[in-house]
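Below, each chain spelled out in residue letters.
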Amino acid sequence: MKLYIFLFIIATSLVSCKKDKNNFQATPYLLEIPSHFPDMLIPQDNPMTAEGVELGRFLFYEKRLSGDNTMNCATCHVPNGAFSDPNVYSTGIDGIEGTRHSMALVNLGWEDFFFWDGRASSLEKQILEPVPNPIEMHQSWKATAAKLNLDITYRNRFFRAFGEEGIDSIKVAKAIAQFVRTMISGESKFDVMYKYENSLALNTNEQTIFQSISNEEWAGYDLFKSLNGADCFHCHNGPLMRVKKFSNNGLVASAINDLGRASVTNNANDNYKFKVPTLRNIELSAPYMHDGRFANLDEVIEFYSSGIHMSPTIDPLIEFGSQGGVQLDASEKLLLKKFLLTLTDYNFINNPKFSDPN
Amino acid sequence: MNRLLILIFLAFTFFSCKKKENPIPQVDNYLNLTVQPKFGSNNLFLDSIYTSPEGYKVKFTVLKFYITQLKNGSSTLTDATIFDFRENGLLAFRKIGDPTKFSALQGFIGVDGTLNHLDPSAFPNESPLNISNAGTMHWGWNTGYIFFSIEGKVDTIPDGNNSLDHSFSFHIGTDSYLSDFSFSNLSWQNPSANEFILPFKLDLLSFLQNPSQPIDLKTDFLTHSGAGQEALSEIVVQNFKQAFQPN
């Protein structure tokens, strides 16, 4: 009998000595990836959870992230502007303008580098920059965390998202990154055209959209892809409508002589190269180029048609650069524009999951 | 009864604590296929300036190509790999394998027809054919891959300055330009235990100056394998094949 008691005590001790562990488990979030897209690779240290995405959405629209509580992410990434800024440059809380146009937020889960010069190698790292930036939200992360900590709702949201107490910059960045990764656009007319030309099955809704695609839109797509037409496909390719590269596309250097990628690499071969942006929702993300120099799509098309400026680092794939551009006539410009408008994804823009939750 | 229980308990404890025998560790051999870009006898570096056979200053900015169905008879070394000099340096691929099985190799420069027209988003995430990894090497306009891509700048204008103001790009794709290769008597180098290297070279001087069909960058500077570009495309394919050899 003594032996049984002895064994019982040992067993009880072993169990009771087990380290206390928080059993809270966040709910895995299943991304809705369009069938014609590649998988999105999620960082192992920031898995997608429903609680994380929800928190990220609140933080995206949270003005307490700025020094004077007037700015949030959506101030410079306006939903109706394809989550970019309709202004040429964004203005921070101290009234200071930036020097590059705010980039559209779409399908960022597939990107490997961020900002026009690619200086951030992950979405989380990108998100860490605007808050303390003195010409943007101008607030230290310490102050930001302190503000959020005063709000019990946020304390609870952070706990649910990360399974532990505490708020810091890393968790804010991770939560916003999770939310931004849900911002997937793959339901435009172009998507149906892409699937059709790649012999991928169309669902019933897509078949209906397919019937609505006009001859002009198809002709514009042909021009877009044509080597002797608009020749756009070298840089705007695949379901994501971009390639992963930095390119000097033939712009005349801006007044401030923004060197682009070279400001990160200090390599003169990268002078005036900027990240190739996606063309998704391009209709809504004006103004265009890294410095917002073109107010509308007509100006962009005219630039590629006749405004190319040759320079030592111009992309070799700007093949008609020495002629000033691809030399489209008026009807071709119109067709090309018609195609560019097919890239607008209204389901994305109007998705209530991406709107201000407050 | 108590003693019996104690004995059972001790016996159980004793056997459960028995040290496990260590199995003989499995040692894998790693096979590395490398490609050294060259310009004649010199190693080639991207963005560095060389002199073409015609005397033009030339620099190369992009050098990428696919190899698919790399095998020796029925032994497959890899289904597909991409060489991207800027991103990955000399390494075309690295995988576990048995070098004795690959003293000869056959394969394609480019993406063979069984893979070339599949949905590029459907390949496994780690596949070089997945659209995320293919990047600029997949064409939307003909739904297939660019088999190899050579881009750069050249100074073909005798204006006295050294500005490399003329671009060239050779983009070869479409099934008709797939080329095969076959090498025998290959010797894997063994620089360290379990590491094996099979070195190839890609000589871009040879690519340009193939005696029977040289490529003059002043006039032969652009092909996307499209209609009207067949003659140059064919030369580019043949010259590339000649320039790619065991090192």
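Conventions and cut-offs
Residues numbered from 1 in each chain as written. Chains lettered and ligands numbered in written order. Predicted model: local features only at pLDDT ≥ 70, side-chain atom pairs only at ≥ 80, totals over all residues. Heavy atoms only, no water. Helix = DSSP H or I, 4+ residues; strand = E, 2+ residues; numbered from the N terminus. Buried < 20%, exposed > 50% of the residue type's maximum accessible area, 1.4 Å probe, protein only. Contact = heavy atoms within 4.5 Å. Areas by Shrake-Rupley, 256 points an atom, 1.4 Å probe, with all protein chains shown as cover. Lys, Arg positive; Asp, Glu negative; His and termini not counted. Charge placed at Lys NZ, Arg CZ, Asp CG, Glu CD. Salt bridge = Lys/Arg side-chain N within 4 Å of Asp/Glu carboxyl O. Arc of directions from axis to C-beta. Polar contact = N/O pair within 3.5 Å; in protein donor to acceptor, adjacent residues only side chain to side chain.

Caption draft 1: The arrangement of the overall build of chain A in detail. Looking only at helices and strands, one finds 14 helices and two strands in chain A. In terms of overall dimensions, chain A has C-alpha extents of about 100 × 50 × 40 Å along its principal axes. Sorting the 358 residues of chain A into buried and exposed places 53% on the buried side. Look at the contacts in chain A between residues 6 or more apart in sequence, and 65% of them connect residues 24 or more apart. Working note: accessible area of chain A is about 16,700 Å², and carbon and sulfur atoms make up 55% of it. Separation between the mean location of the 33 positive side-chain charges and that of the 42 negative ones in chain A comes to 9 Å.

Caption draft 2: The arrangement of the interface of chain B and chain A in detail. Each partner contributes to the interface: chain B provides 32 residues, whereas chain A provides 34 residues. At the surface where chain B touches chain A, the tally comes to zero salt bridges. Among the elements of the structure, helix H1 (2-16), strand S4 (57-72), helix H4 (131-134), strand S8 (138-139), strand S9 (144-155) and strand S10 (166-173) of chain B are those that each provide at least two residues to the side of chain B that touches chain A.

Caption draft 3: Quick peek at helix H6 (residues 152-162) of chain A. Residues and elements named next belong to chain A. Burial in H6 covers these residues: Tyr154, Arg157, Phe158 and Ala161. Buried positions in H6, seen along its axis, are confined to an arc of 100° and lie on one side of it. Elements in contact with the buried residues of H6: helix H2 (50-60), helix H5 (141-149) and helix H7 (169-181). If you check the start of H6, you find a side-chain oxygen 2.8 Å away from the backbone N of threonine 153, and it comes from aspartate 151.

Caption draft 4: Focus on unusual backbone geometry. All names here are of chain A. Across the junction of alanine 286 and proline 287, the peptide omega takes the value 0°, indicating a cis bond. With respect to the element layout, proline 287 can be found in the loop between strand S2 (274-275) and helix H12 (297-306). Although it is not a glycine, alanine 82 sits at a positive phi angle of roughly 55°. With respect to the helices and strands, the residue alanine 82 is situated in the loop between helix H3 (73-76) and helix H4 (123-127).

As far as function goes, none of this settles anything; it's purely spatial.
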